[in-house]
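# Understanding the architecture of this molecule
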Amino acid sequence: MPHPSIGSRRSARARRATATLATALVAAVLTAGTAVPAAAATATEPDTAVLAAALAGQQPHWEPCGLPDVAPEQEAQLRLTCATVTVPRDWHNPTDGKTIQVRVSRTAATGSDRKGVLLVNPGGPGGSGLSLAPYVALSAPELAAHYDVIGFDPRGVGQSTPLLCTVTYTDEDVTNDLITRANVAGCRSTELTKYITTEQTTYDMDFIRVLLGERKLNYLGYSYGTWLGTWYAATFPSRTGRMVLDSVAAVGSSTLQETWDLQPFTRDRAFQEQLLPYMARHADLYGRGTDPMAIREMFERAGGTRLGMGPFMFGYFILGALYDTTNYPTAAAAVNAVIEYYEEWNGWTPEQILAAATEKLLAAPGIDAANRAYIQQSRAAAEVALKAERNRVAPTQGTAEYTYDIDYVFEVIRCQDGQWNDSVDYWNAFSRRLTRDAPLVAPFLQNPPACAYWPTANKMPKPDRKTFPKVLMLQSELDVATAYEGALAASRKLPGASMISVDNEGSHGVFPYYTPCVDDPVYAYLLDGRLPDEQYTGCQAVPLPGETTVYEVGGKLTGKGTVRTQLISDDMRAANRMLKRMLRTEPGPSYPE
């Protein structure tokens, strides 16, 4: 069967970025591979049907979802419905009478050869997953023909029982670090917080399987969803069916800290190795010449991410675009705006910069409908953040103490999933390292993270080599959120894992990619249970927007199907030296010493 054009693929990926975060025809299934045996049950595996007791007798009431990003005709086509299920608040004490709700979405398999359910999760942590089910069903109809695709809002999130932390601030909480400490203290004293963990969510997932009457839970998880899926498979190995982990967190680690420790370097790498060369190849559009290093110097001379409008533009328009290379025209236009307007917009309020930047970006060359949607989405997110900041700051005038309910579920989950380094000295040294080796992102990471102040005894169970199911992993080379290096290390720690690498790709979230090399093995596995013959498969990226050639960036594919990468590349080192020299030799308002 034919694959869609590159343009079709890019539109689909842009929809995924909208559908799954803050979002054709498919290939024929391969006919060769290795059979995947079912894992044997273990004596220590929890039984959620028994633990839930009377709750296991509930019958989900399926009703229209009314999701804002799913058109009515799509809802009808997919037979999309939603239900709310009741689960124990604490799976370790399920008979205490305390319960919470989890909202679930479902598309119905359209074919006669139904294979079960495919639970999907978009990541986060704390990402709403209700809309991911219809996205997967629409973008991968071959899967929707054979599976009921199941999405859900994890506990603490969205339409499930939400977690709001009650936080009390004082008028002395004027630094980011003091505010972070107050947030942690408030969350830790909020009763529901200790039950909003990945471990508790894996029990919810298995209970959803029970209520749906399924023997196995098949799974497709993106980003943090790979951590969630691994935790589920390690806890319920005999109940795990076919599992695809896309854009893989450092799942072989005891904590999520490694995943976030790598991000500053991957973001600097994508910016320097792929975005700026893209701008340089399109000097006709951006007018900044053909030398990526010269463009970086112009950006840094305009304040970079340190001062002026640059931090705002990077935080709200550039960084998000680095997650999906279909939005590179927006990222390039935002870099260009910083270079062009940093003097004119100097001293403007964030609201003024947002209005002017939105207008300029929407009118920039190369901005298609998907990029316009991303710009408007980013504008809306910035408006919400600015409003929240105004509301937080306003009561400080003459007020000694004030209390807010805040959404802190992202930190709650990642901090409670394993103990982070709790040494302030360590984080101060890490900040100094970022200033030297990852200066693009370093200005945003000058204080210890919330997890440094959050003690926990939770820890992901170690996968048992005898029972852990075989999984298929997908990873792009220049992913800015889950580093290729972390995914490759995870592939060596998970028993029997297979991994598909996409060379020269920078997007976070791969499947569906609409190339045979990437997608065919996924369909072969999910539809027939056959993994690739080799542990590692190397695939090539598709061209960036407006291009017909794939340019070699970063590392190179090896003969073993992996990509040989450098976390700090030669170009990054050259850019870092340039910036250090600039800050030393050109002191002034934009270049503090």
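Further up the page is the structure itself.
Here is what the cut-offs are and how they apply
Residues numbered from 1 in each chain as written. Predicted model: local features only at pLDDT ≥ 70, side-chain atom pairs only at ≥ 80, totals over all residues. Heavy atoms only, no water. Pairing = 2+ DSSP bridges. Helix = DSSP H or I, 4+ residues; strand = E, 2+ residues; numbered from the N terminus. Axes fitted to C-alpha atoms, helices over the stretch in contact; angles between N-to-C directions. Contact = heavy atoms within 4.5 Å. Parallel < 35°, antiparallel > 145°, perpendicular 65-115°, else oblique. Nonpolar A, V, L, I, M, F, W, Y, C, P; charged D, E, K, R; others polar. Core = buried A, V, L, I, M, F, W, Y, C linked by side-chain atoms within 4.5 Å. Buried < 20%, exposed > 50% of the residue type's maximum accessible area, 1.4 Å probe, protein only. Patch = residues over 30% accessible without salt bridge, like charges linked within 9 Å, V, L, I, M, F, W, Y side chains within 5 Å. Areas by Shrake-Rupley, 256 points an atom, 1.4 Å probe, with all protein chains shown as cover. Salt bridge = Lys/Arg side-chain N within 4 Å of Asp/Glu carboxyl O. Lys, Arg positive; Asp, Glu negative; His and termini not counted. Charge placed at Lys NZ, Arg CZ, Asp CG, Glu CD. Polar contact = N/O pair within 3.5 Å; in protein donor to acceptor, adjacent residues only side chain to side chain. 1 Å grid on protein atoms, 1.4 Å probe; cavity = no way out; pocket = protein on both sides within 12 Å on 5 of 7 lines; lining within 4 Å. Points joined across faces, edges and corners; volume = space filled by probe spheres on them.

### Side note on the sheet that holds strand β2 (residues 81-88)
Paired through their backbone hydrogen bonds, the strands of a sheet run either parallel or antiparallel. Reading across from one edge, β2-β3-β5-β4-β7-β8-β10-β11-β13 is the order of the 9 strands in this open sheet, with mixed pairing throughout. Looking at which strands have only one partner, the edges of the open sheet turn out to be β2 and β13 (536-540). For this sheet the average axis-to-axis angle between neighbouring strands, irrespective of direction, equals 20°. Of the strand pairs in this sheet, strand β3 (residues 99-107) and strand β5 (residues 147-153) are connected by 5 bridges, and their pairing is antiparallel. From the neighbouring strand, R103 faces β5, where its bridge partner is D153. Across the sheet, helix α18 (residues 484-493) lies against β10 (471-476), β11 (498-503) and β13, angled at about 160° from β10, the strand it touches most.

### As for the packing of helix α9 (residues 257-281) against helix α20 (residues 570-585)
Between α9 and α20, whose axes approach to 9 Å, the crossing angle comes to 90°. Relative to α20, the element α9 is oriented roughly perpendicular. Residues F265, D268, R269, Q272 and E273 of α9 form the contact with α20, whose own contacting residues are D571, M572 and A575. Among the residues making up the contact of α9 with α20, the classes are represented as 3 nonpolar, 1 polar and 4 charged.

### Considerations on the nonpolar core
Formed by 79 residues in total, the largest nonpolar core has its most connected members in F152, C165, M205, W227, L245, V471 and M473. In terms of residues, this core owes the most to one element, helix α8 (residues 224-235), which gives 7 residues. Those residues within four positions of V471 in sequence are excluded, and the remaining contacts are M243, L245, L494, G496, A497, S498, Y525 and L531.

### Notes on a positive patch on the surface
On the surface, R577, K580, R581 and R584 cluster together to form a positively charged patch. Position of R577 relative to the elements: it lies in helix α20.

### So, the side chain of R530
With respect to the secondary-structure elements, R530 resides in strand β12 (residues 530-531). Side-chain polar atoms of R530 contact the side chain of D528, separated by 2.9 Å.

### Details of empty space enclosed by the protein
As a volume, the second largest cavity reaches approximately 60 Å³. Together, Q274, R281, N504, V542, P543, L544, E547, T549, V550, Y551 and V553 line the second largest cavity. Residue composition of the lining of the second largest cavity, grouped by class: 6 nonpolar, 3 polar and 2 charged.

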